[in-house]
Amino acid sequence: MYDLDFYKVMPISEALRQRIDKRVIDGHYSDAIVTAFKFLTNNIRDISGGEGDGAKLVGTAFGGQSPQIRLNKLLSASDRDEQAGYEQLLRGLYLGVRNPRAHDEVEDSLEFCIKMIMIIDLVFDKISRRHVDFDIEPIIIKILDSNFVKKKDYVDSILLDVPGNYLLPIFTRLFSERNTIEDDRLSLVIKSIYKRMTVDDIEEATKIIGIEIMNYNKDDGYFSRIIKHIRPMQWGCLQNQAKLIAEEKIISSLKKGSFDFYTGGVKTGILGTWGNSFGRYMERKKEVSETLIRLLEQDWYTQNYIAAFYMISMIFIIDDTDVPEVCDKISYALMTNQAKLLRQKFLDLCSTYPESWKEKLRASIQSRIEDDEDYGDKALRALRTAKI
């Protein structure tokens, strides 16, 4: 049954047949199988937008909570079983069939070759039917619709069936039209897109934002609406010019940072608050660290600015060599200057600090205990509390 006559008439993708036909007819059956796997691999990469090879690529494309290639809506147990089944099938095929033939000499029969080609074509047909000629326009329309629901689950449902390699085009389109889209709506959608994007596509999206930073010539509010869409860990993916511009604006603003405890608002330094998100990843991180220390030694306004925006993030920004100094400045702001917001935040958060910070803070607060013995005792007790 499984002879060349059968092979010549069996219904498989014409694109696959073109790649393997001569090999099969010439009797190079193992080579034909490896070539069929290469064809499948390239299509999985194209559809998912992923990289890698073999079982690793399969896991990225078909596995996890947000697979790049969804074979169905993943709503029911049967949906999830189908998705997992294809993932496991493909893992097995790559590990048990492709890998031995890619690395060693294997003699295959025509019958085995035909059966493997049929399985590979079945999988190719399954994934390509889900993603042929995908049109992003209906997705864009749903996102911009007046009935859009500003909920994470709703956005996830809109993007559910978007192939992985179409996420970047959707991001690019939405970001280019951001001035016509509500900020909170756009932020919600971009966060959902990032969850499913590959690392390479997130880096590309970051560069798209970087281009806008380099072209920036408007007010601070506009600048904030641009950089809010950068994932902090991707800061290093920005173009050098974009980083120079962004870091200069953030640090210049940070140096002027002040916060009014009684009105609960920023007096100056609104862009400086972005150092809270990006400071640890900045090339000028040392300068951010030094600026935070200077703010802690000034007055209530600057100290409460630190309290409002940097009480946790500063432990990731401050250089190890500066920890003794920053702990001394915090102690001064707490005990001597008695900055109200800083005092409140410190009691709430200091238990999460590294032990190296706690040790120096305890010593510094103890040295100033006479400035306010009651608060000093509370601070020392809080520093003894175990990290939750």
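One structure accompanies this document, and this report is about it. This is a predicted model, so every value here is computed, not measured.

**Some words on a negative patch on the surface**
A cluster of acidic side chains, namely E370, D371, E373 and D377, defines a negative patch on the protein surface. Tracing the sequence through the fold places D377 in helix α21 (residues 373–384). Residue D377 is classed as partly exposed on the basis of its relative accessible area, which comes to 33%.

**Focus: helix α19 (residues 340–349)**
The complete set of buried residues in α19 reads L341, L342, R343 and F346. If you follow the buried residues of α19, they end up packed against β1 (258–260), α15 (285–296), α16 (300–309), α18 (323–336), α20 (355–367) and α21.

**Quick word on the packing of aromatic side chains**
Within this structure, the stated rule accounts for 13 aromatic pairs. Summarising the aromatic geometry, the rings of F148 and Y154 are spaced 5.5 Å apart at their centres and angled 85° between planes, so their arrangement reads as edge-to-face. Looking at Y154, the relative accessible area reads 27%, which means it is partly exposed. Among the aromatic residues, those joined into a cluster by ring pairs are F259, Y305, F309 and Y310. Directly above the aromatic system of Y7 lies the positively charged group of R17, at a separation of 5.0 Å from the ring centroid. A cation over an aromatic ring shows up here: K249 above the ring of F223, its NZ or CZ 5.8 Å from the ring centre.

**Regarding helix α9 (residues 167–176)**
Side chains of residues three or four places apart in an α-helix project in the same direction, reflecting 3.6 residues per turn. If you check which residues of α9 are buried, you get L167, L168, I170, F171, L174 and F175. On an axial view of α9, the arc spanned by its buried residues comes to 160°, and they lie on one face. Where α9 is buried, its residues contact α7 (137–144), α10 (183–196), α11 (199–214) and α12 (220–227).

Reading guide: rules and limits
- Residues numbered from 1 in each chain as written.
- Predicted model: local features only at pLDDT ≥ 70, side-chain atom pairs only at ≥ 80, totals over all residues.
- Heavy atoms only, no water.
- Patch = residues over 30% accessible without salt bridge, like charges linked within 9 Å, V, L, I, M, F, W, Y side chains within 5 Å.
- Areas by Shrake-Rupley, 256 points an atom, 1.4 Å probe, with all protein chains shown as cover.
- Salt bridge = Lys/Arg side-chain N within 4 Å of Asp/Glu carboxyl O.
- Lys, Arg positive; Asp, Glu negative; His and termini not counted.
- Charge placed at Lys NZ, Arg CZ, Asp CG, Glu CD.
- Helix = DSSP H or I, 4+ residues; strand = E, 2+ residues; numbered from the N terminus.
- Buried < 20%, exposed > 50% of the residue type's maximum accessible area, 1.4 Å probe, protein only.
- Contact = heavy atoms within 4.5 Å.
- Phe/Tyr/Trp six-rings, centres within 6.5 Å; stacked < 30°, edge-to-face > 60°.
- Lys NZ or Arg CZ within 6 Å of the ring centre and 35° of its normal.
- Arc of directions from axis to C-beta.

Everything listed here is a matter of geometry and, on its own, says nothing about what the molecule does.
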